[in-house]
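Each chain is listed here by its residues.
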Amino acid sequence: MVRYLKGTALRKTDSSVILLIGGLGLEVFCPTTTLTNLPEAGEVVLHTKLMVREDDLSLYGFADQRSLELFELLLGVSGVGPKVGLSLLSSLSPSLLARALSDGDIRLLTGAPGVGRKLAERIALELRGRVPAHLMGEGGPIIRRPQTEEAELALVTLGFRESQVRTTVAQIIQQHPEASTQEIIRLALKALR
């Protein structure tokens, strides 16, 4: 089975890209992180998953194999479809998502659009401890420190959405584990603006 496509990007939308492959145009739905990193023109390689339904064939594409494997892992949870999978992969980096799934971090999972508390709890319950180590990348569990919570509270007070703040602060802590509250806030303000 072909696990990747190589073609020329013709047009990008908010949720998909049209790839020209041997004269045939295919619409491939992708996480926003993959779409923003695709070139405007030229050759593109995407790791893909074809979803076959009774009345629909949909193709989903990812920048790397790890994102594809996380997507497939998420689809194994009852109540999680492709839209939720793409939403989670659009909101969190693959390594952060893998660790959130492995640790059962409901706060990070609910930061993705379309993922409410009940669905996040179901995902956490079904996938906790089942995420393969190679998907988690570098680092250990997600760090929750007083500085993290203080920074989140300050950013929410400034008017940013709590889900955006949690995701952004978690990514900053992942990259800068020893950052002070002020450093976290400074980096988050850069990322959120």
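Reading the values: rules and limits
Residues numbered from 1 in each chain as written. Predicted model: local features only at pLDDT ≥ 70, side-chain atom pairs only at ≥ 80, totals over all residues. Heavy atoms only, no water. Helix = DSSP H or I, 4+ residues; strand = E, 2+ residues; numbered from the N terminus. Rg over C-alpha atoms; globule rule 2.2 N^0.38 Å. Buried < 20%, exposed > 50% of the residue type's maximum accessible area, 1.4 Å probe, protein only. Contact = heavy atoms within 4.5 Å. Areas by Shrake-Rupley, 256 points an atom, 1.4 Å probe, with all protein chains shown as cover. Lys, Arg positive; Asp, Glu negative; His and termini not counted. Charge placed at Lys NZ, Arg CZ, Asp CG, Glu CD. Expected span 1.5 Å × (residues − 1). Salt bridge = Lys/Arg side-chain N within 4 Å of Asp/Glu carboxyl O.

Looking only at helices and strands, the protein features 10 helices and five strands. Relative to its length of 193 residues, the protein is compact, with a C-alpha radius of gyration of 18 Å against a globular reference of 16 Å. Its C-alpha atoms give the protein principal-axis dimensions of roughly 55 × 35 × 30 Å. Buried residues in the protein amount to 46% of all 193 residues. A sequence separation of at least 24 residues applies to 58% of the contacts in the protein between residues at least 6 apart. Of the roughly 10,400 Å² of accessible surface on the protein, 54% is carried by carbon and sulfur atoms. Across the protein, the centroid of the 22 positively charged side chains sits 2 Å from that of the 21 negatively charged ones.

A few words on the environment of Thr32. Within the secondary structure, Thr32 is located in helix H1 (residues 32–37). Look at Thr32 and you get partly exposed, because its relative accessible area is 37%. The sequence separation of Thr32 and Ser15 amounts to 17 residues, and the corresponding C-alpha distance is 6.7 Å. Among residues more than four places away in sequence, those in contact with Thr32 are Asp14 and Ser90.

Between the first and last C-alpha of helix H9 (residues 162–175) there are 20 Å, a value that for 14 residues agrees with the 20 Å anticipated at 1.5 Å per step. Within the sequence span of H9, burial applies to Ser163, Val165, Arg166, Thr167, Thr168, Val169, Ala170, Ile172 and Ile173. Buried residues along H9 sit in contact with helix H3 (82–91), helix H4 (94–103), helix H5 (106–109), helix H8 (146–157) and helix H10 (181–192).

On to the pattern of salt bridges. Between side chains of opposite charge, a pair can form when the charged atoms approach closely. If you walk through the whole model with that rule in mind, you get four salt bridges. A salt bridge links Glu43 to Lys6, with the nearest nitrogen and oxygen atoms 3.7 Å apart. Note that Glu43 is positioned in strand S4 (residues 43–53) and Lys6 in strand S1 (residues 4–12), a separation of 37 residues in sequence. On the basis of relative accessible area, Glu43 is assigned to the exposed category, the value being 57%. We classify Lys6 as partly exposed; its relative accessible area is 48%. Here Glu121 makes a salt bridge to Arg117, at a shortest N to O gap of 3.3 Å. Taken together, the positions of Glu121 and Arg117, both in helix H6 (residues 117–127) and four residues apart, correspond to about one turn of that helix. The partly exposed category is assigned to Glu121, whose relative accessible area is 35%. With a relative accessible area of 53%, Arg117 lands in the exposed category.

To continue, consider H4. Across the 10 residues of H4, nine count as buried, placing the element largely inside the fold. Residues of H4 that are buried: Pro94, Ser95, Leu96, Leu97, Ala98, Arg99, Ala100, Leu101 and Ser102. Following H4 by one or two positions, Gly104 has its phi on the positive side, about 70°.

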